[in-house]
Amino acid sequence: MAGRRSGESAPRSISGPQAPLVWKFGGTSVGDHDRIRAVAQRMVDAQRSGRGVVAVLSAMGKSTDALVAQAAAISANPPLRELDALLSVGEQISCALTAMAVAELGGRAVSLTGPQAGIRTDATHGGARMLGIDPARIRAAVEDGAIVLVTGFQGESPDGDTTTLGRGGSDASAVAVAAALGARECEIFTDVPAVFTADPRVVPTARRLATIRPQEMLELAEAGAGVLQPRSVELGMAHGVDIHLRSSFGTEEGTWIRGGAGDFEVAGTAAVAGVAHRRDEHLYTIDAPLGAVAAALAARGLVLGAVVSGPATTVSVPAAAPEAVVAALDAAGIAVASREDLGSVGVVSLGLARAPGVVTATLDVLAAAGITPRLVTTTPARVSVLVAADRVDDATRALHAALVVGEDTGARRTAA
Ligand code: ADP
Ligand code: ASP
Ligand code: MG
C-alpha cells in the first residue's frame, strides 16, 4: 500500500483510464436478494459502459451480529482464531450470491475472499491491521473481463489464517483495495445519502454535507459516527484516495471526503464540523496495576482512554464494546470491580485548541439541558463528554442545535 504521504492534498481527478471503479456496499445495501440483484445490475451497467469494476461487499444485513450471537451461545470467551473463522463467512455469502446475480444478468463476476484477494494482515484476530495488498489476482481478473467481488472485513495473517479487521471494517478494506489498485477514488454505497452533521437517525435536523475534510471526518468517525470506519478515512488520507459516501438506492451525489487542511480557524473562532455520539461508552473500576490493565487491553487491540486514579482506579476504553473490554481483562486475570454504563457525545472542531469557546459552549449547553458530564476530555480537534446512556440522544440534539447550523458546508456557526 505504498502511496502519498499523509497530509498531502489528493488530486481530484477521476481515476486513471486503467484503474477500475472501486466500490463498497454495506450490509443494508446487500441486505436481501432483491438488493443483491440491484447491486449486481449497477455493476453490470457500469462494466457495459466500459469500466472495470471491483466491489468490496459487507455481510448481508445484520448477519454478522447473528454470527456473533451464535458464537456467544457456545462460548463466553471463544478462541479468537475460530471466532474469525466464523465471522468471515458472512462476507463470503454476500460475494458468492452477488456473483451469481451477475451471472443471471448475463455478466461474469468472480468472488474472492480476503486471502484470495491478497489482503495481508497481522495476526491480531478480531482487530487485525492490514499490512499490504498484493493486487495481482484482482488485476488479472479485471483484465480478464470479470467484475471482481472482494469480501470486506477480512484478510490473511502471516500464518495463513483468516483474520477480521474489527466491526465495520469493510470500509477500510475498500479504501485499501482502491489504494492498491492505484484508484484515486473509492465510492462507498450505504443506507444514508450522505455524511450529515450528526447521525440523521438521532438528529432529524442534521445537514447533509457535500464535502468534508478528511481530518474532520476522522474525528467524527472516532467519536462514533458509524457512517465510516475511522481506519478507512486514515487510509484515504495516507494514500491519496478520495472517498465518496453515497446512497446505494439512487444515483445522486453524496459526500466527498477530500481536501487539504484549509483555514478552519478564523479570528479565534472555530467552525464546528459536527456532533457524534456513542451509546456504549463505559467507565470501568479496576483493582490492578495500570500497566497490566493497558497491556491486557492492548493484547486485544484495545486502547486505554482516560484514567482516574483514586482509592480505586477508574478507566475508560473509548469505542470498545464492553464485552470485548471484559473479555480482554478476564484473559489476563483482571476483574472489573464495577462498571458504570454511560454513553458519549463528541463535538468536532479542528480549530479547538485556539478556540476554547467550543469547550465552554459544550458545557453550557449540557448544563442548560440538565445533563451531568461524567468525564470530559479534550484534544486539539474534539471535546468528548461521557453522559448517562439515556441522555445521549438529548445531549446530541442539544449540542447540534446550539453549535452546528447553516446550509451544507458553507455556513457552519462558529463558537467564539
Ligand atoms: P453500512 O452497513 O453501509 O456500512 P452503517 O450502518 O455502518 O452502514 O453506516 C450507516 C449509518 O451510519 C446510517 O444509517 C446512520 O444512522 C449512521 N450515521 C452515524 N453518524 C452519521 C452521520 N454523521 N452521517 C450519516 N450517517 C451517520
Ligand atoms: N460485516 C462486518 C460488520 O458487520 C463488517 C462490515 O460490515 O463492515 O461489522
Ligand atoms: Mg459501516
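All of these numbers come straight from a predicted model, not from anything done at the bench.

J.: Looking at this structure, I do not really get unusual backbone geometry. What am I missing?
T.: Most peptide bonds are trans, and most residues other than glycine sit at a negative phi. Of note, the phi angle at Phe153 is positive, near 75°, even though the residue is not glycine. Here Phe153 shows up in the loop between β6 (147–151) and β7 (154–156). You will see that Ala319, though not glycine, has its phi angle at about 70°, which is positive. Tracing the chain through its elements places Ala319 in the loop between β17 (313–316) and α10 (322–331). Using a relative accessible area of 46% as the deciding quantity, one classes Ala319 as partly exposed.

J.: What's the story with the UniProt feature "binding site: ATP" (unreviewed entry) in the protein in this structure? I'm lost.
T.: Mapped onto the present numbering, the UniProt feature "binding site: ATP" (unreviewed entry) falls at Lys24, Phe25, Gly26, Gly27, Thr190, Asp191 and Arg201. Here Thr190 lies in strand β9 (residues 185–190). Taking the relative accessible area as the measure of exposure, Thr190 reaches 14% and is therefore buried. Here Thr190 is in contact with Ser29, Leu245, Arg246, Ser247, Ser248 and Phe249, once residues within four sequence places are set aside. Tracing the backbone through its elements, the reader meets Arg201 in the loop between β9 and β10 (211–212). Engagement of the side chain of Arg201 in a polar contact is seen with the side chain of Asp191, the distance being 3.2 Å.

J.: Before we go on, may I ask you to explain the sheet that holds β10 in this structure?
T.: Strand pairing in a sheet is mediated by backbone hydrogen bonds. Such pairs are either parallel or antiparallel. In spatial order, the strands read β3-β6-β2-β1-β9-β11-β12-β10; together these eight strands make up an open sheet with mixed pairing. Single-partner strands in this sheet number two, and they are β3 (109–112) and β10. Pairing analysis gives three bridges linking strand β11 (residues 242–247) to strand β12 (residues 255–257), with the strands arranged antiparallel. Bridging across to β12, Leu245 finds its partner in Thr255.

J.: Can you help me understand the pattern of salt bridges in this one?
T.: Once the charged atoms of two side chains with opposite charge are near each other, the side chains can pair. Going through the model one piece at a time under the given rule, you end up with 18 salt bridges. Between Asp171 and Lys24 there is a salt bridge, with its nearest N and O atoms 2.7 Å apart. Here Asp171, found in helix α6 (residues 170–180), pairs with Lys24, found in strand β1 (residues 21–25); they are 147 residues apart in sequence, far enough to count as distant. Like Lys24, Asp171 is buried. Across the pair Glu187 and Arg246 runs a salt bridge, and its minimum N-O distance is 2.9 Å. With Glu187 in strand β9 and Arg246 in strand β11, the pair connects residues that are 59 residues apart, well separated along the chain. Exposure remark for Glu187: the relative accessible area of 13% places this residue in the buried category.

J.: Hey, could you run me through the packing of aromatic side chains in this one?
T.: Two aromatic rings are characterised by how far apart their centres lie and by the angle between their planes. Summed over all chains, the structure comprises three aromatic pairs. Ring centres 6.0 Å apart and planes at 85° place the aromatic pair Trp23 and Phe25 in the edge-to-face group. The pair formed by Trp23 and Phe25 is uniform in burial state, with each residue classed as buried. With centroids separated by 5.3 Å and ring planes inclined at 70°, the aromatic side chains of Trp23 and Phe189 adopt a geometry described as edge-to-face. Highlighted residues: Trp23 in strand β1 and Phe189 in strand β9, separated in sequence by 166 residues. One exposure class covers both Trp23 and Phe189, and it is buried. Three or more aromatic residues joined by ring pairs make a cluster, and in this case those are Trp23, Phe25 and Phe189.

J.: Looking at this model, I keep getting lost on the packing of helix α1 (residues 33–48) against helix α4 (residues 89–104). Mind explaining?
T.: Each pair of packed helices can be described by the angle between their axes along with the distance between the axes. One way to put it is that α1 packs onto α4 with a least axis distance of 9 Å and a crossing angle of 60°. One finds that α1 runs oblique with respect to α4. Seen from above, α1 lies across α4 with right-handed handedness. On α4, the residues touching His33, Ile36, Arg37, Val39, Ala40, Met43 and Val44 of α1 are Leu97, Thr98, Ala101 and Val102. The residue makeup of the contact of α1 with α4, split by class, is eight nonpolar, two polar and one charged.

J.: I would appreciate a short explanation of the site of ligand 2 in the present structure.
T.: The environment of ligand 2 is formed by Ser58, Ala59, Thr64, Glu91, Phe153, Arg167, Gly168, Gly169 and Ser170. Contact distances for ligand 2 include 2.7 Å between an oxygen atom and a side-chain N or O atom of Arg167. Calculation on ligand 2 without its partners gives an accessible area of 260 Å², and the protein chains cover 86% of this total. Looking at the shell around ligand 2 residue by residue, the classes come out as two nonpolar, five polar and two charged.

J.: When you look at the UniProt feature "binding site: substrate" (unreviewed entry) in the protein in this model, what are you seeing that I'm missing?
T.: Per the UniProt record, "binding site: substrate" (unreviewed entry) is annotated on Thr64 and Glu91. Considering the C-alpha atoms alone, the annotated residues occupy 28 residues of sequence yet fold into one spot, their largest mutual distance being 8.6 Å. Excluding residues that lie within four positions of it along the chain, Thr64 makes contacts with Ala59, Leu87, Glu91, Phe153 and Arg167. Here Glu91 shows up in helix α4. Note on Glu91: relative accessible area 3%, which makes it buried.

J.: So what exactly am I meant to see when it comes to the site of ligand 1 here?
T.: Surrounding ligand 1, one finds 16 residues, the nearest of these being Thr190, Asp191, Phe196, Asp199 and Arg201. The backbone of Val227 places a nitrogen or oxygen atom 3.5 Å from an oxygen atom of ligand 1. Its free accessible area being 570 Å², ligand 1 has 83% of it covered by the protein chains. A per-class count over the shell around ligand 1 returns eight nonpolar, four polar and four charged.

Analysis parameters
Residues numbered from 1 in each chain as written. Chains lettered and ligands numbered in written order. Predicted model: local features only at pLDDT ≥ 70, side-chain atom pairs only at ≥ 80, totals over all residues. Heavy atoms only, no water. Helix = DSSP H or I, 4+ residues; strand = E, 2+ residues; numbered from the N terminus. Buried < 20%, exposed > 50% of the residue type's maximum accessible area, 1.4 Å probe, protein only. UniProt positions renumbered as here; feature names shortened; annotations may be inferred. Contact = heavy atoms within 4.5 Å. Polar contact = N/O pair within 3.5 Å; in protein donor to acceptor, adjacent residues only side chain to side chain. Pairing = 2+ DSSP bridges. Salt bridge = Lys/Arg side-chain N within 4 Å of Asp/Glu carboxyl O. Phe/Tyr/Trp six-rings, centres within 6.5 Å; stacked < 30°, edge-to-face > 60°. Axes fitted to C-alpha atoms, helices over the stretch in contact; angles between N-to-C directions. Parallel < 35°, antiparallel > 145°, perpendicular 65-115°, else oblique. Left-handed = near helix turned anticlockwise from the far one by under 90°. Nonpolar A, V, L, I, M, F, W, Y, C, P; charged D, E, K, R; others polar. Near = heavy atom within 4 Å. Areas by Shrake-Rupley, 256 points an atom, 1.4 Å probe, with all protein chains shown as cover.

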